[in-house]
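Observations on the three-dimensional arrangement
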Amino acid sequence: MVVYRNIQNTHRPTKTSLTLVIKVGTSSICDESTHYPLLGNLSRIVETILQLKRMGHRVVLVTSAAVGTGLRRLNMAEKPKKFASIQAIAAVGQGRLMSMYDDLFGQFNQPVAQILLTRNDLADRGQYLNAVNCLEELLDMGVVPIVNENDSISVTEIKFGDNDTLSAITAGMVKADYLFLMTDVDCLYTDNPRSNPEARPVLVCDDIEALRREIKVSAPGSALGTGGMITKLVAADLATAAGVTTIIARGATPENIMPIIDASSSDGKVPMHTRFVAKPKPLVDRKWWILHGLHTAGTIYINGDVTKAINEGQMDAPLFAHNITKVEGHFVEHQAVRLVVQHTDERGVTDDVSVAKGIVNYSSAEIIRIMLAKESDIIDSLGYKDADCIINRDNMAISL
């Protein structure tokens, strides 16, 4: 086994250092019934990170459990359904959660930093780059950044949804070599091993779409968390597109991270885990940010000419109104939209196939006016012209 290195990561203190993002779920931090912190697990996580740092690696920790910690602090038995109540509980729990981490890391004089992110923080390119620069500076200082979603101000429609997705976004931001998704099982299985004794472990995956068709991942997350195996597949898809090798491993044994990444462990003694192989040609930062960092505000349906150019690898041109067949949703200029083509199979069944994502120069209402006018001159359609096309080629990322 060879230690993987992300070709996009050119910011290494030494030739052997790696950048790792470790995501720890609520079930690894809080007891699901009592909500008391699992101090033994937390201590092992902290000790593992410290050992990785002694080996010269840079580590980012993505943590859940703000809500679980808040429930314990407020002596509440169950997570409420009201969204505002959950936000308030998270606000109480986040401070307590960081206090626990600071106490544990502080025993070894290891400084930590709190980074709270929302989708809105990353929607603006300038803010996104500021967040990237802050993370890189913290890592250069030897600090362990601890990342969580800012649940107290996140809007339901544009939340990351779970910290698996947030960890994948974070891994892409720091151009990590490895993303570890620590969970309550050793690896991904073809079915739930607790209910199906014939479930087989998935050890290596280089085609996530094919894997989705072969396995059953309907199991939800824990009572306190929001994730599950479905969200881990989504996270692996996002991270591998950025050139990040993604690992699913057991959260109760974080010390297994070392032998998993150690090249000398080629003697068959590597702990069981699932490895998602990084894409050999990862998306460049801006394209990846468009595809995965931006909230999708609407959908534009395009004709076959554009789809053919994409399939042939010749999509190096802007999107014009005459290539658009339909617009769905209400969005404004500079928001991101999906580009979709409708495909009909031999049985006559029509499916929507997402082929790209891009930042529009015009609102949905303006695009419809340009389409209906059937004129090449945008000024004749609108009375003004902000851009020559609907989406510039530099603002479009192919998702096929």
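These notes cover the structure that comes with them. (Residues numbered from 1 in each chain as written. Predicted model: local features only at pLDDT ≥ 70, side-chain atom pairs only at ≥ 80, totals over all residues. Heavy atoms only, no water.)

Quick word on unusual backbone geometry
Note the cut-off: Classification of residues uses two cut-offs on accessible area relative to the type maximum, computed with a 1.4 Å probe and protein chains only: under 20% is buried, over 50% is exposed, and between them is partly exposed.
For Ala-65, which is not glycine, the phi torsion reads 90° and is therefore positive. Unlike most non-glycine residues, His-334 shows phi in positive territory, near 75°. Note on His-334: relative accessible area 61%, which makes it exposed.

Details of the nonpolar core
Among soluble globular proteins, nonpolar side chains are generally buried collectively. Keep this limit in mind: As used in this record, nonpolar core signifies buried Ala, Val, Leu, Ile, Met, Phe, Trp, Tyr and Cys residues forming a set joined through side-chain atoms within 4.5 Å. The secondary structure listing takes helices from DSSP runs of H or I that are at least 4 residues long and strands from runs of E that are at least 2 residues long, numbered from the N terminus. We call two residues in contact when some of their heavy atoms are within 4.5 Å.
In this structure, Val-21, Val-147, Met-173, Leu-179, Leu-188, Leu-211 and Phe-276 are the most contacted members of the largest nonpolar core, which totals 50 residues. Of all the secondary-structure elements, those providing two or more residues to this core are strand 2 (58-63), strand 3 (112-117), helix 5 (125-140), helix 6 (163-173), strand 5 (178-183), helix 7 (208-214), helix 8 (229-241) and helix 10 (285-293). At seven residues, the largest contribution of residues to this core is made by helix 8. Residues in contact with Leu-179, not counting those within four places in the same chain, are Val-21, Ser-167, Ala-168, Ala-171, Ala-239, Val-244, Thr-245, Thr-246 and Ile-247. Membership of the second largest hydrophobic core comes to 34 residues, among which are Ile-45, Val-46, Leu-52 and Ile-146.

Some remarks on the sheet that holds strand 11 (residues 296-302)
Strand pairing in a sheet relies on backbone hydrogen bonds. The paired strands run either parallel or antiparallel. As a reminder of what qualifies: When DSSP finds two or more bridges between two strands, those strands count as paired. Lines fitted to C-alpha atoms define the axes here, with helix axes fitted over just the stretch in contact, and angles between the N-to-C directions of these axes take values from 0 to 180 degrees.
One open sheet accounts for five strands, arranged 12-11-13-14-15; its pairing is mixed. Each edge of the open sheet is held by one strand with a lone partner, namely strand 12 (324-328) and strand 15 (396-398). Neighbour to neighbour, the strand axes of the sheet diverge by 35° on average, direction disregarded. Sheet strands touched by helix 12 (residues 364-373): strand 11 and strand 12. Its angle to strand 12, the strand with the most contacts, is close to 150°.

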